[in-house]
Amino acid sequence: MKTVFERSVPGRHCTILPACDVPERKPEETRTAPLRLPELSETDLSRHYTELAGQTFGVNDGFYPLGSCTMKYNPKINEEIAGLEGFAKIHPTQENAQGCLKAIYLAEKYFTEITGMDAMTFEPAAGAHGELTGLMLIKRYHELTGHPERNEIIVPDTAHGTNPASSSMCGFKVINIASAEDGCVDLEKLEAVCGEHTAGLMLTNPNTLGIFDKNILDITRIVHKAGGLCYYDGANLNPVMGIARPGDMGFDCIHLNLHKSFSTPHGGGGPGSGPVGCKALLADYLPGRRVVKDGDVYRYTEEKPESIGKVRSFHGNFLVMIKALTYVLTLGKEGIPEVAKNAVLNANYIKSLLEDTYDVFRKGTCMHEFVLTLERLKKETGVSALDVAKALQDYDMHPPTMYFPINVHEALMIEPTETESKETLDKAAAAYLEIYRKAYEDPEYLHNAPHRSPIGRPDEVGAARHPKVKYDFEG
Ligand SMILES: *Cc1c(COP(=O)(O)O)cnc(C)c1O
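Conventions used here
Residues numbered from 1 in each chain as written. Predicted model: local features only at pLDDT ≥ 70, side-chain atom pairs only at ≥ 80, totals over all residues. Heavy atoms only, no water. Pairing = 2+ DSSP bridges. Helix = DSSP H or I, 4+ residues; strand = E, 2+ residues; numbered from the N terminus. Contact = heavy atoms within 4.5 Å. Axes fitted to C-alpha atoms, helices over the stretch in contact; angles between N-to-C directions. Near = heavy atom within 4 Å. Polar contact = N/O pair within 3.5 Å; in protein donor to acceptor, adjacent residues only side chain to side chain. Areas by Shrake-Rupley, 256 points an atom, 1.4 Å probe, with all protein chains shown as cover. Nonpolar A, V, L, I, M, F, W, Y, C, P; charged D, E, K, R; others polar. 1 Å grid on protein atoms, 1.4 Å probe; cavity = no way out; pocket = protein on both sides within 12 Å on 5 of 7 lines; lining within 4 Å. Points joined across faces, edges and corners; volume = space filled by probe spheres on them. Core = buried A, V, L, I, M, F, W, Y, C linked by side-chain atoms within 4.5 Å. Buried < 20%, exposed > 50% of the residue type's maximum accessible area, 1.4 Å probe, protein only. Salt bridge = Lys/Arg side-chain N within 4 Å of Asp/Glu carboxyl O. Parallel < 35°, antiparallel > 145°, perpendicular 65-115°, else oblique. Left-handed = near helix turned anticlockwise from the far one by under 90°. Expected span 1.5 Å × (residues − 1). Arc of directions from axis to C-beta.

## Some details on the sheet that holds strand β13 (residues 411-414)
Alright, step 1. Strand order in the open sheet formed by four strands is β10-β11-β13-β12, with antiparallel pairing between adjacent strands. Edge positions in the sheet fall to β10 (359-360) and β12 (401-402), since each has one partner strand and no second.
Alright, step 2. Direction of pairing for β12 relative to β13: antiparallel, over a ladder of two bridges. Following the sheet pairing, M402 is matched in β13 by L412.
Alright, step 3. Running at roughly 20° to strand β11 (residues 370-373), helix α12 (residues 318-354) makes contact with β10, β11 and β13 of the sheet.

## Digging into the site of the ligand
Alright, step 1. Near the ligand, the surroundings consist of 14 residues, among which G127, A128, D233, H259 and K260 are the closest.
Alright, step 2. Within the side chain of D233, a nitrogen or oxygen atom sits 2.6 Å from a nitrogen atom of the ligand.
Alright, step 3. Within the side chain of N257, one N or O atom sits 3.0 Å away from an oxygen atom of the ligand.
Alright, step 4. Relative to its unbound accessible area of 380 Å², the ligand is 87% covered by the protein chains.
Alright, step 5. Counting only elements with at least two residues in the shell around the ligand, the list comes to α6 (127-144) and α10 (258-261).
Alright, step 6. For the shell around the ligand, the leading source of residues is α6, giving three residues.
Alright, step 7. Looking at the shell around the ligand residue by residue, the classes come out as three nonpolar, eight polar and three charged.

## Some points on the layout of surface pockets
Alright, step 1. A volume near 660 Å³ is recorded for the largest pocket.
Alright, step 2. Tallied by class, the residues present in the lining of the largest pocket amount to nine nonpolar, seven polar and five charged.
Alright, step 3. Here the second largest pocket is characterised by a volume of approximately 340 Å³.
Alright, step 4. Looking at the second largest pocket, it is lined by 21 residues, and the ones nearest its centre are E123, R289, Y300, F314 and H315.
Alright, step 5. Classifying every residue of the lining of the second largest pocket by side-chain character gives 10 nonpolar, four polar and seven charged.

## Comments concerning the nonpolar core
Alright, step 1. Judged by nonpolar contacts, the single largest core of 52 residues is most densely connected at F111, L190, M241, L258, F262 and M321.
Alright, step 2. Tallying contributions element by element places α12 first for this core, with 11 residues.
Alright, step 3. Filtering out sequence-adjacent residues up to four positions away, M241 remains in contact with I114, S261, F262, Y327, I336, P337, V339 and A340.

## Thoughts on the pattern of salt bridges
Alright, step 1. For the structure shown, the criterion picks out 28 salt bridges.
Alright, step 2. R140 is paired through a salt bridge with E143; the nearest N and O atoms lie 3.6 Å apart. Highlighted residues: R140 and E143, both in helix α6, separated by three residues, approximately one helical turn.
Alright, step 3. The shortest N-O distance in the salt bridge between K390 and E460 comes to 3.8 Å. With a gap of 70 residues between them, K390 in helix α14 (residues 385-392) and E460 in helix α17 (residues 460-465) connect regions that are remote in the sequence.
Alright, step 4. Taking relative accessible area as the criterion, K390 reaches 8% and is therefore assigned buried.
Alright, step 5. Assessed through its relative accessible area of 45%, E460 is described here as partly exposed.

## Quick word on the packing of helix α5 (residues 98-115) against α12
Alright, step 1. Orientation of α5 relative to α12, taken along the N-to-C sense of each, is 50°, at an axis distance of 10 Å. By the angle between their directions, the pair α5 and α12 is classed as oblique. The element α5 and its partner α12 pack so that their crossing is left-handed. Residues C100, A103, I104, L106, A107, Y110, F111, E113 and I114 of α5 form the contact with α12, whose own contacting residues are F318, M321, I322, A324, L325, V328, L329, K333 and I336.
Alright, step 2. A breakdown of the residues in the contact of α5 with α12 according to their chemical character gives 16 nonpolar, no polar and two charged.

## Concerning the side chain of N163
Alright, step 1. One can find N163 in helix α7 (residues 162-169).
Alright, step 2. By relative accessible area, N163 is classed as buried at 0%.
Alright, step 3. In terms of polar contacts, N163 uses its side chain to reach the side chain of T204, at 2.7 Å.
Alright, step 4. When neighbours within four sequence positions are excluded, N163 is seen to be in contact with E131, V155, M202, T204 and D233.

## Structural notes on helix α15 (residues 422-441)
Within an α-helix, residues lying three or four positions from one another point in the same direction, as the helix has 3.6 residues per turn.
Alright, step 1. With 20 residues, α15 should reach 28 Å at 1.5 Å per residue; the first-to-last C-alpha distance of 29 Å fits that figure.
Alright, step 2. Buried within α15 we find L425, A428, A429, A431, Y432, I435, Y436 and A439. Angular distribution of buried residues about the axis of α15 spans 155°; they occupy a single face of the element. α15 presents E423, K427 and E441 as exposed residues on the side facing more than 90 degrees away from its buried surface.
Alright, step 3. Residues of α15 that are buried sit in contact with α12, α13 (375-381), α14, β13 and α16 (443-447).

## Some thoughts on the environment of A103
Alright, step 1. Within the secondary structure layout, A103 lies in helix α5.
Alright, step 2. A relative accessible area of 6% places A103 in the buried class.
Alright, step 3. Residues A103 and M321, 218 residues apart in the sequence, show an inter-C-alpha distance of 8.6 Å.

The following block contains the structure:
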């Protein structure tokens, strides 16, 4: 399609400016060449953006099973509540807005209950930011309890990529451990690396293979015995929430991704929210001030002297928290575990339709997502995970996550989410199976897929390394 500049016709416009009511600038103060803005009528402009919107694909267009990201349908009521003037237009320095303070107070109450923690901050702006915040709490704990030598964080190889990155950014040495054959933490390897330098362990659970670690209680016991603390990466709490609580499994600290599990559209760069919950032993180190209730009045506490200090301006992304709170209050005690069960059911259902044809990387029951490896298909037909992902675009759906986790060759990581119907899952599975057949019959067709999208195979590396973000007027 044409860019807005290519649509431009000199002299056309859709604004009528009011008469100038400020002193006119002297000629030497004004620019000599006119701004090169596109010139369009309102009709053309409106059609331009409508056409542009039609070129994208979102969760409102169809199935969007992007693993490790939870692209689910989010109820519109959450947007409506977050859009209320009393929430959306409040000034962040207004100290005594009782309704807003109550919302923060309730959010802390419900999310600490869901996670089994004692206290929570809503400052962190995303999951990785929450990880850094949680690790800073762990670091502060060891410093203040006389163990600054504890400078190692253990990270299993099935962790989300942000776990080692955050640990390193926080100044810890990252100790990687390989998983056992079943995709769970290898307890012997864990025991071997635990010692007097262990600050803690970061566990992504369910891990990036979509597996709930069956040894989770042994894991926290081993790390605690060595004097370390346990961090739970709860970005993907969908299959766990309302069913089991990380706090009860022995974890001292957790972050959630409200923009995955608790209703905020995920992707496009935000805004997100990665609240960090912790047990009482870390609560004094939390950033900023907390909200408490005195009789009928909500008020801020003072920041504790031991606090790691603020990690984000004001209250974090307050409206994302409002959406999450609305979601939790709407679903209630019965609805939350139902979300979890449906997330697990949907993933296992579509897996069961595919597993006789495709190779599942780690067999067995998965949580909210699972990983296929197309290594054999590629060897036999030359059709890669990329080809299959591209071909899926011709079936009115978004491809799954590709080539992640990095320890799986030709990986496709599928997360249907709890909000998809059986019909959608059946249709998606049928598309996967048809593509599989085509791989043997006509691999060339798949190498050239997609056949129906406006853009087929962009140079992704080129686009990332040399992005063209401005219009080239001369060329
Ligand atoms: C998405 C994700 C993260 C990172 O969250 P961001 O909000 O993208 O920073 C961390 N851990 C897991 C398991 C995730 O899925």
